[in-house]
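Observations on chain architecture
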Amino acid sequence: MKHFRFILAGIFIVALCLASNPAWSATVLGDIENAVMCKCDDKCGKVLINCNCDTSEKTRTEILKQLESGLTKEQIIQTFVDKYGETVLSAPTKEGFNLMAWVTPFAMILGGGLGIRKLLQVWIKPKGEATAEKPASESSEISKEDSLGGYSNRLKNELDRLES
Amino acid sequence: MNDLGEFALQLAFATTLYGCVCYIMAARGNRIDLYLSADKTPLLVWGFVMVASICLWKAFLTNDFSVEYVWAYSNTQQNFFYKFASFWGGQKGSLLFWTLILTSYMAVVHYQNRTRNLMLVPYAMTVMLVMTLFFLGLLNFSTNPFERIPLPPEDGRGLNPLLQNYWMVIHPPTLYFGYVGFTVPFAFAIAALITKNLDDGWIRLTRKWALISWFFLAMGNLFGAQWAYVELGWGGYWAWDPVENAAFMPLIVATAYLHSVMIQEKKDMMKVWNMSLILLTFVMTIFGTFITRSGLIQSVHTFDEATLGFIFLGFLVVIVAFCVFLIVKRLPLLKGKNELDSFLSRESSFLFNNLVLLGIGFATFWGTVFPILSEAVRGVKITVGPPFYNQVNVPIGLALLALIGIGPIIAWRRATFSNLRKSFLKPLTVMLVAGVALFPMVPLSSKSEIYTYITFMLCAFVVTTIVIEFYKGSKARMSLHGGTFIQELGSLVWRNKRRYGGYTVHLGVVLIFAGIAGSSSYSVETQKHIQKGETIEIADFELLYNGLGVTEQSNIKTRVIATLDVLKNGKKIWVSHPEKEFYKEQNQPVSEVSLLSTWKEDLYVILADFNPDDESATFKIHVNPMVSWLWYGQWIMAFGTIICMWPDRQEQRRRLERMKKQQAIFVAAQE
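This one's a predicted model, so the numbers in the text were calculated from it and none came from an experiment.

What counts and what doesn't
Residues numbered from 1 in each chain as written. Chains lettered and ligands numbered in written order. Predicted model: local features only at pLDDT ≥ 70, side-chain atom pairs only at ≥ 80, totals over all residues. Heavy atoms only, no water. Helix = DSSP H or I, 4+ residues; strand = E, 2+ residues; numbered from the N terminus. Buried < 20%, exposed > 50% of the residue type's maximum accessible area, 1.4 Å probe, protein only. Contact = heavy atoms within 4.5 Å. Areas by Shrake-Rupley, 256 points an atom, 1.4 Å probe, with all protein chains shown as cover. Pairing = 2+ DSSP bridges. Phe/Tyr/Trp six-rings, centres within 6.5 Å; stacked < 30°, edge-to-face > 60°. Lys NZ or Arg CZ within 6 Å of the ring centre and 35° of its normal. 1 Å grid on protein atoms, 1.4 Å probe; cavity = no way out; pocket = protein on both sides within 12 Å on 5 of 7 lines; lining within 4 Å. Points joined across faces, edges and corners; volume = space filled by probe spheres on them. Salt bridge = Lys/Arg side-chain N within 4 Å of Asp/Glu carboxyl O. Core = buried A, V, L, I, M, F, W, Y, C linked by side-chain atoms within 4.5 Å. Domains from an automatic or database assignment. Axes fitted to C-alpha atoms, helices over the stretch in contact; angles between N-to-C directions. Parallel < 35°, antiparallel > 145°, perpendicular 65-115°, else oblique. Left-handed = near helix turned anticlockwise from the far one by under 90°. Nonpolar A, V, L, I, M, F, W, Y, C, P; charged D, E, K, R; others polar.

1. Observations concerning the overall build of chain A
Each helix and strand in chain A was counted, giving nine helices and zero strands. Taken from N to C terminus, the helices and strands of chain A fall in the order α-α-α-α-α-α-α-α-α. Going through the 164 residues of chain A one by one, you find that 39% of them count as buried. Expressed as a percentage of contacts within chain A between residues at least 6 apart in sequence, the contacts between residues at least 24 apart total 45%. Looking at chain A as shown, the accessible area adds up to about 8,900 Å², and 61% of this sits on carbon and sulfur atoms.

2. A closer look at the overall build of chain B
A count of helices and strands for chain B gives 21 helices and ten strands. When the 671 residues of chain B are sorted by exposure, 60% land in the buried category. Contacts spanning at least 24 positions in sequence make up 72% of the contacts within chain B whose residues lie at least 6 apart. Surface summary for chain B: the accessible area is close to 27,400 Å², and the carbon and sulfur share equals 64%.

3. Regarding the side chain of R60 of chain A
In this structure, R60 of chain A sits in helix α3 (residues 54–68). The residues touching R60 of chain A, leaving out its near neighbours within four places in the chain, are E33, L48, I49 and C51 of chain A together with K620 of chain B.

4. Structural notes on the pairing of strand β8 (residues 594–597) of chain B
Within a regular strand, side chains alternate between the sheet's two faces. Residue and element names in this part refer to chain B. Here four bridges tie β8 to strand β9 (residues 601–611), and the two strands are oriented antiparallel to one another. Along β9, the bridge assignment pairs L595 with Y604. Linking two consecutive strands that pair antiparallel, namely β8 and β9, is a turn of three residues.

5. Observations regarding unusual backbone geometry
Glycine aside, negative phi is the norm for most residues, and most peptide bonds take the trans geometry. Residue and element names in this part refer to chain B. For A539, which is not glycine, the phi torsion reads 50 degrees and is therefore positive. Positionally, A539 belongs in the loop between β2 (535–538) and β3 (541–552). In the Ramachandran plot, M626 falls in the positive-phi region, its phi being about 65 degrees despite a non-glycine side chain. Residue position: M626 is located in the loop between β10 (616–625) and α20 (627–645). According to the relative accessible area criterion, M626 is buried, its value standing at 13%.

6. Section: the packing of aromatic side chains
All names here are of chain B. Under the criterion given, the structure shown has 54 aromatic pairs over all chains. With a centroid separation of 5.7 Å and 20 degrees between ring planes, the pair formed by F362 and W366 is classed as stacked. Here F362 pairs with W366, and both are found in helix α14 (residues 346–378), just four residues apart, close to one helical turn. The ring centre of Y111 lies 4.0 Å from the NZ or CZ of R114, which sits over that ring.

7. A short note on empty space enclosed by the protein
All names here are of chain A. Summed over the entire model, instances satisfying the criterion amount to two cavities of 30 Å³ or more. Here the second largest cavity is characterised by a volume of approximately 30 Å³. Forming the boundary of the second largest cavity are M37, C38, K39, T55, T59, F80 and Y84. Elements with a minimum of two residues in the lining of the second largest cavity: α3 and α4 (73–84).

8. A few points about the pattern of salt bridges
Residue and element names in this part refer to chain A. Taken as a whole and assessed by the stated rule, the structure comprises 19 salt bridges over all chains. For E57, the salt bridge identified is with R60, shortest N-O distance 3.0 Å. Taken together, the residues span about one helical turn, with E57 and R60 both in helix α3 at a distance of three residues. Take R60: its relative accessible area is 6%, and that puts it in the buried class.

9. A look at the nonpolar core
All names here are of chain B. W202, M275 and L279 are the most contacted members of the largest nonpolar core, which totals 203 residues. Sorting elements by how many residues they give to this core places helix α10 (residues 201–231) first, with 15 residues. Here this core spans two domains, since at least three of its residues come from each of domain 1 (1–160) and domain 2 (524–628). Dropping the residues within four chain positions of it, M275 is found in contact with A189, A192, L193, L198, W202, I327 and L334.

10. Concerning the packing of helix α6 (residues 91–112) of chain B against helix α8 (residues 167–181) of chain B
Residues and elements named next belong to chain B. Contact geometry for α6 and α8: axes closest at 10 Å, N-to-C directions at 55 degrees. One finds that α6 runs oblique with respect to α8. As α6 runs across α8, the sense of the crossing is right-handed. Mapping the contact onto sequence places S94, F97, W98, I101, L102 and Y105 in α6 and P173, Y176, F177, Y179, V180 and G181 in α8. Considered class by class, the residues forming the contact of α6 with α8 number ten nonpolar, two polar and no charged.

11. Comments concerning the environment of S374 of chain B
Position of S374 of chain B relative to the elements: it lies in helix α14. Looking at S374 of chain B, the relative accessible area reads 0%, which means it is buried. With sequence-adjacent residues up to four places away left out, S374 of chain B is seen in contact with F97 of chain A together with G379, V380 and I382 of chain B.

12. Let's talk about the sheet that holds strand β1 (residues 524–530) of chain B
All names here are of chain B. Read from one edge of the open sheet, four strands run β1-β10-β9-β8, paired in antiparallel fashion. A strand with exactly one partner marks an edge of an open sheet, and here the two such strands are β1 and β8. For this sheet, the mean angle separating the axes of adjacent strands, direction not counted, is 15 degrees. Here ten bridges tie β9 to β10, and the two strands are oriented antiparallel to one another. Opposite D602, over in β10, you have N624 as the bridge partner. The strands touched by helix α19 (residues 497–522) are β1 and β10; relative to β10, the strand with the most contacts, the crossing angle is about 140 degrees.

No statement about biological role is implied by the geometric values presented.
Now the structure itself:
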C-alpha cells in the first residue's frame, strides 16, 4: 500500500515505453505498408498491408521503386504525407497534439488506479474494527484454510454464500 | 403487401406512442384502467412490426423491385439465403430488423413479467417503448423501407459482393441480438432509478438478459472476425475498424458490469458504479449505430446512405443527459454499505479488473473519436489505425489476462499473504516452467514476439489457476460425498453453474489470447508472380501452380479459379482453389480465400492477380499459426456462458419465494 503510487507510476512508464516503439514486421516494405493507409477511390479505410485492391498493388509497386531508388523508410513515408496529408498515416504521430492520443488512455488508467486506491482506503475497515465485528466462525475461516481441510471449508463457505 | 407493410409501421408507431403515454399516466396517476390498456401495446406493436417485416421479406423473395430498398440490395440472381439476409444489408432494413428484435424482446419481457415486478415493469416497458418509438419514427418519417420506385426496373443492383457470404446470414443478426438485448437491463435500471427500488432486484431480474446479450455480442464480434478472415482476404481477422470498435466497446463495458454486479449482489456495494456501467453499455450500443450511420468515419461496415448521424447523435445526447440526471438525483439512495475487509481480497481484484477492462474500452473509444477531435481542434483529419490500438491495448490486455488468473485464487473478503503464497505457488511455477520451456523455441527478436512470449506464460498461469479450481473443488466434494472424480466434477459444475461456467468462459478467453498472440507474431507471408507449373515455398509448404479456370456462374458473376497442389515434406496434402469473382457493374473484383485450417496453423491462399493470356498469376500466401485457437476459444466461451445461463432449480425456488412475497404485497395493497 505504501508504495502503491510508485508501483502505478512504474507500470505507467513501462506501459508507455512498451507502446513507444511499434511492433512492426521485420521487412522495411512491411514497415511502410503498416505505417500508411490505402488511398483507393473506394475509401476502404484499410491499412495498406491489409488491402488487396488494385490501388494498393500500385502503391506497393511505387514503394518498391522508391526503396530501389535508395530512399529510406522515413523519406518514403514523408512522400506519402506530402502527397495525401497526415491522414495517410495509420497512427497518430507522437508529437504535439497527437501525443494526447497516446498518453490519455494510460493517464486514465493511472488516474483510475489512484482513484481505486483512495476508495479502498476509505472502504477498508480498520483491522480492529473488522475483527471485532466479525463473528467467531468467520474470523477463524482464514486460519482454517491453512490447515489440510482448509480448501473444503473455504469452498463450502463460498458456495453457501453464493447459494444464499 | 408493401402498402400493408407501410401501414403496419404507421400503426406500430401510433400504438407505441399510445403505450408510452398510457404507461406513464398509469404509473403517475395510479390508474389501473390505463395500465390494463397500456399493457396490451407491447404485443400489438410486436405484431405490427412483424407484419411489416414479413412484407419486406416477401418483397425480397418475390423480387419486387418496385420497392427501392429491394432494388438496391437484391437481384434475381441472388439465392434464397442472400435474399433473406438482404433484409439487413442496408440502412433501412437494418433499422427495421433492429426494431423487430427490440419489439420481440419487449414482448418476451412483457410475458415474463405479466404477474410480477409490478413496480418496475410499467417504467421498464415505457423505456423500451420510447426506444421503439425512436426507431419507428425513423422508419416512418426518415428511412421508409417501403419507398416505391414509380417505374420499377426489371432487375435490382444486388447485395454488395463482399456481403455475399454465409456469414451475412449469421453475423449481423447475432450482433444485433446482443446490441438490442442490452435495452432490457437498461430499461430495468432506469425503472429502478425512477421508482427508487435500488436494491439488487433489477440486477437479479435482468441477469440472464445481460448474460444473453453479452453472449450474442461476444459471438457476434467473433463471427465478424471469422467473416473478415475468410472474406476480406488480407490474412487477418481484426482491423480495429471504427465499426468493429463500436461492437467491441459495449462488449468490454458489459464484461466489466457482469463482474462488478457480483460485488453488489454479495456485499451491497458499488450501486452507482453498476448502474453507470449498464447505462454506459447501452449508450455504447447506440454509439455503435451512430458510428455506422453517421457518415463521419470511413469503414467497410458503414452504410452507403449514412445520413442519420445527427438524429442518432441527438438521441444519444438525450439518453446520456437523462441517465446522468437520474443517477445524480438518486445519488443519496445509491449509497451502499461500501465496506471492504482487506486490500488483498477478491473484491479489490474485481475493482482492478473493472479498471483494466474500462481502460481497454476507453483506449478503443479514444482511438475511434480522436480523428474527429483532431479535425475539430487542429482542422487536420488524422487516421487512428491498428498500429495505435495494438500498441496501446496489448499491454493493457496483458494486465487483464494476469487478472483473470489472479482473481479466482484470491479469497473473498480477506486473503493473507501466507494464503496467497500457497495459492500462487503452483500457477507461478507452471508459468515459469512454461517460460523456460518456450524460451529456446520461440523467437524473441521484436517487441511483438516478446509480448507473445509473455502472453503464453500468462496463459499457462491462468489455465493452471482454473484447472486447480476445478480439481480442488472436485476433490473437496469427493471427500465430502465419496463419488468418483468425474461425478463430483459434474456435480460441482452443476451445483455452481455461475461460478464454474464463468471459469469455463475464462478458459475460452485464454485460448483467444493465445490465438491472437501466436497469429500476430509468427505469421509469415509471401507474394509471388508465377507461371503455370512453377512453385512457391512458404514455411513447410510447397505450392505447385496448375493453372486457371473460368466459370460463368450467372449472368452477373464470373469466377476465375486457380488450382494449386499443396505439398508438405514432398507429399501432396491438399488442393487449393483461390479465386477472384467478378460482378457486373462492380469496379473491384472480390477475392475468395482458399484456406487449409488445422489446430497448429492456417495456410491462407489468395489469388491477387492473373494474366488470362499466359495464365500467369500472382499469389499472396500466409501461414498463420494458431488462428483456429480463437474459434475453439469462442466455442468454449459459448459453452461456459450456456452453463452460466442454464436454469438453476435453487435460483428458481428463490425467485418463487420472492414472487410470493411480491404477490402478498400487491394483494395487500389492492385490498
